[in-house]
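# Analysis of the macromolecular model
The lines below spell out each chain.
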Amino acid sequence: MTTTFSSPVAVIGGGICGLATAHRLARRGVRVTLLEAGDQLGGLGTFFSHGDQAVERFYHCVMPTDADLLALLDEVGLKDAVRWRKTTMGMVVDGRRHRFNSALDLLRFTPLRLHERVRFGLASLMLRRWGSGRDLDLLRTEDWLRGLYGRRIWEEFFAPMFGSKFGPSFGDVPALYLWQRLGRERNVATRGYPDGGYRKIIDALRASIEDAGGTIRLSTPVDRLSSTTGGCSLTLPGGEVLDVDKVVSTVPLPQLRRLADDELAERLPGSDLRYQGVVTGVFFLRRRLSGHYWTPVLRSGTGFDGVVEMSALTGTGIHGGANLVYVMRYTDRSSRLYHGEPDRIAAQWTNQLRDLFPELRPEDVESVRVFKAPFVEPVYPLGYLAARPPVTVDGTSLFLATTAHVYPDVTSWNSSVKLANHVTGLVFESLGRQDTGERVP
Ligand SMILES: Cc1cc2nc3c(=O)[nH]c(=O)nc-3n(C[C@H](O)[C@H](O)[C@H](O)COP(=O)(O)OP(=O)(O)OC[C@H]3O[C@@H](n4cnc5c(N)ncnc54)[C@H](O)[C@@H]3O)c2cc1C
């Protein structure tokens, strides 16, 4: 027997969190409407057209530890679509390229002195064990790593490498974030990519929602949201008003604050949580670069902090023979780079990529695209585990499922799906308590 709930629910945002939420609710008989501001689904995992291919704007891969995402893929018949491959890592320091995969690579890693390489290796082996049982949420990453690795390894290596993700305050981020990240990536050599790209997952979720009677509306930004314990009211383009019993919002908290009415805005959490944005350059190249999936770039005079050679994971066949390479810089959305002219960024980053890889000739660069996203990575303050906002908002019928809620998990499709599972459970429960919906045999 399936229960059909007469209470309507709206989901704001068609990224993976909104899609997974709407999929779960619709499949359990809830009348759900998903509202997405953009003209495509997928959020940060969305795509652009390159010939007849859909290519992610931001590099994405699946990790073997992504249990919640893999379970969702299984549900929509895609688990076997993930192709797993061993990948390697490089490192560019002061313009010089290094391999960074094995103990031998570390011994040959000249940016560190010999005794530092040995210390680096030993500390890295023991890191997870030494962190176990400690309250890493209250320990600054800098204090933890400086203590284990020493001042110079922190300053020369970790500060620029991880600092590129969170900006200058990386040292203040709780060590728990790094601990979780090392856990997620403990088998860094193996990564996965879905056959047909992330678009295939997006399309499968869309089909699942619509098959179950859910509605998806693209190019429909929610302009205004009000919510009390009695329900929610959403103002859509053209002044259309949608009244629903519950809303699940997946949009980053600063964006949600802007669309909340005064009463709701007062109740919303997270006003002081800072977010990093990102700028990526997407290169289609006629030749291979290093063959490493991931290469952090430190102190090399580039505007970007890392290179992801996606074709090392996917092969070049799926992009018409081109080698797909991303370069990226995490940055505040108010920065000069973020507001830079895309063509200028593309030209500068092409020159800088060619400086790092002199074998890359101008004619090897088939095309370059630049993409930006303003809210990617919440910059977690110390003690965030206790300060993390709840997914319910007192005095309202609103549920929150955002990247600010996945901590201490690393922001990823997996953690968004895990959060969606949790929040839909709560929504379902709250509907069950009040709904008088008909029961369908
Ligand atoms: C460069 C980069 C690399 C990454 N690499 C990986 C990776 O390898 N593996 C991995 O798993 N994850 C990766 N991630 C992280 C992953 O993309 C995110 O954690 C995840 O996509 C977050 O999903 P979400 O649904 O919570 O939010 P989002 O994807 O941000 O979705 C929010 C949606 O809300 C919509 N929206 C905003 N305002 C409104 C409004 N007013 N009305 C209606 N809709 C609105 C937006 O248009 C958007 O579609 C990466 C991210 C980036 C940027």
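Since this is a predicted model, take the numbers as computed values, not measurements.

### Digging into helix α12 (residues 342-356)
Look at α12: 21 Å from first C-alpha to last across 15 residues, which is about the 21 Å you get at 1.5 Å a residue. Listing the buried residues of α12 in full gives Ile345, Ala346, Trp349, Thr350, Gln352, Leu353 and Leu356.

### As for the domain arrangement of the protein
Each domain of the protein was delimited in the assignment, giving domain 1 (2-83 + 195-273 + 381-440), domain 2 (102-184) and domain 3 (274-378). If you look at the interface, domain 1 gives 15 residues, while domain 2 gives twelve residues. Summing the contributions of domain 1 and of domain 2, the shared interface buries around 1,100 Å²; its carbon and sulfur component is 59%. Area buried by domain 1 at its contact with domain 2 is led by Leu382, Tyr407 and Val410, which between them contribute 47% of it. The tally of links from domain 1 across to domain 2 stands at zero salt bridges. Between domain 1 and domain 2 we count five residue pairs in polar contact (both at pLDDT 80 or more) in total. Broken down by class, the residue content of the side of domain 1 that touches domain 2 amounts to ten nonpolar, three polar and two charged.

### Details of the nonpolar core
Core analysis: the largest hydrophobic core is formed by 129 residues, its most contacted members being Trp144, Leu225 and Leu234. In terms of residue count, helix α14 (residues 413-434) provides more of this core than any other element does, eight residues in total. By size, the runner-up hydrophobic cluster in this structure holds 20 residues, among which are Val92, Val279, Val327 and Ile345.

### Re the state of the cysteines
This structure, assessed with the given rule, holds zero disulfides. Cys232 forms no disulfide, and the closest cysteine sulfur to it belongs to Cys17, at a distance of 16 Å.

### Some words on helix α8 (residues 197-211)
Look at α8: 22 Å from first C-alpha to last across 15 residues, which is about the 21 Å you get at 1.5 Å a residue. Where α8 is concerned, the buried positions are Gly197, Tyr198, Ile201, Ile202, Ala204, Leu205, Ser208 and Ile209. After α8 finishes, the residue Gly213 shows a positive phi value of roughly 95°.

### Here we look at the packing of helix α5 (residues 141-149) against helix α6 (residues 151-166)
At a minimum axis distance of 7 Å, the contact between α5 and α6 shows a crossing angle of 120°. On the basis of the axis angle, α5 is oblique to α6. Between α5 and α6 lies a crossing of right-handed hand. For the pair α5 and α6, the contacting residues are Thr141, Glu142, Leu145, Arg146 and Tyr149 in the first and Arg151, Ile153, Trp154, Glu155 and Phe158 in the second. Here the residues of the contact of α5 with α6 are counted per class, giving five nonpolar, one polar and four charged.

### Details of the side chain of Asn323
With respect to the helices and strands, the residue Asn323 is situated in strand β18 (residues 323-331). One polar contact links Asn323 to Glu309, side chain to side chain, over a distance of 2.9 Å. Residues in contact with Asn323, not counting those within four places in the same chain, are Phe283, Phe284, Leu285, Arg287, Arg288, Leu289, Glu309, Ser311 and Thr316.

### What to know about the site of the ligand
Close to the ligand lie 30 residues, the nearest being Glu36, Leu44, His60, Cys61 and Trp413. Cys17 is positioned with one of its backbone polar atoms (N or O) 2.9 Å from an oxygen atom of the ligand. Notes on the ligand: free accessible area 1,000 Å², of which the protein chains cover 90%. Of all the elements in the fold, those that place two or more residues in the shell around the ligand are α1 (16-27), α9 (253-259) and α14.

### Section: the pattern of salt bridges
Inspection of the entire model under this criterion finds 23 salt bridges. Across the salt bridge formed by Asp195 and Arg83, the nearest N and O atoms sit 3.0 Å from each other. Placement of the pair is Asp195 in the loop between β9 (190-194) and α8 and Arg83 in strand β6 (residues 82-86), with a sequence separation of 112 residues. You can call Arg83 partly exposed: its relative accessible area is 46%. Residues Arg329 and Asp305 are paired through a salt bridge, measuring 3.5 Å at the closest nitrogen-oxygen approach. With Arg329 in strand β18 and Asp305 in the loop between β16 (294-298) and β17 (306-309), this residue pair connects regions lying 24 residues apart in the sequence.

### A few points about unusual backbone geometry
The amide bond that connects Tyr407 to the next residue, Pro408, takes the cis arrangement and shows omega of 10°. Positionally, Pro408 belongs in the loop between β20 (398-400) and α14. Phi is positive for Asp94, close to 50°, though the residue is something other than glycine. Among the secondary structure elements, Asp94 is positioned in the loop between β7 (90-93) and β8 (96-99). Its identity is not glycine, yet Ser219 carries a phi of approximately 50°, on the positive side. Within the secondary structure layout, Ser219 lies in the loop between β10 (215-217) and β11 (224-228). On the basis of relative accessible area, Ser219 is assigned to the partly exposed category, the value being 44%.

### What to know about the sheet that holds strand β13 (residues 241-244)
Here three strands make up an open sheet; going across it, the order is β11-β12-β13 and the pairing antiparallel. Every other strand in the sheet has two partners, leaving β11 and β13 as the edge strands with one partner each. Here the strands of the sheet are splayed against their neighbours by 15° on average, with no regard to which way each runs. With five bridges joining them, β11 and strand β12 (residues 231-235) adopt antiparallel strand pairing. Within β12, the residue paired with Ser226 across the bridge is Ser233.

### Some remarks on the environment of Gly213
With respect to the secondary-structure elements, Gly213 resides in the loop between α8 and β10. Between the C-alpha atoms of Gly213 and Arg151, which are 62 residues apart in sequence, the distance is 58 Å.

Conventions and cut-offs
Residues numbered from 1 in each chain as written. Predicted model: local features only at pLDDT ≥ 70, side-chain atom pairs only at ≥ 80, totals over all residues. Heavy atoms only, no water. Helix = DSSP H or I, 4+ residues; strand = E, 2+ residues; numbered from the N terminus. Expected span 1.5 Å × (residues − 1). Buried < 20%, exposed > 50% of the residue type's maximum accessible area, 1.4 Å probe, protein only. Domains from an automatic or database assignment. Contact = heavy atoms within 4.5 Å. Buried area = accessible area lost by both parts, 1.4 Å probe. Salt bridge = Lys/Arg side-chain N within 4 Å of Asp/Glu carboxyl O. Polar contact = N/O pair within 3.5 Å; in protein donor to acceptor, adjacent residues only side chain to side chain. Nonpolar A, V, L, I, M, F, W, Y, C, P; charged D, E, K, R; others polar. Core = buried A, V, L, I, M, F, W, Y, C linked by side-chain atoms within 4.5 Å. Disulfide = S-S within 2.5 Å. Axes fitted to C-alpha atoms, helices over the stretch in contact; angles between N-to-C directions. Parallel < 35°, antiparallel > 145°, perpendicular 65-115°, else oblique. Left-handed = near helix turned anticlockwise from the far one by under 90°. Near = heavy atom within 4 Å. Areas by Shrake-Rupley, 256 points an atom, 1.4 Å probe, with all protein chains shown as cover. Pairing = 2+ DSSP bridges.

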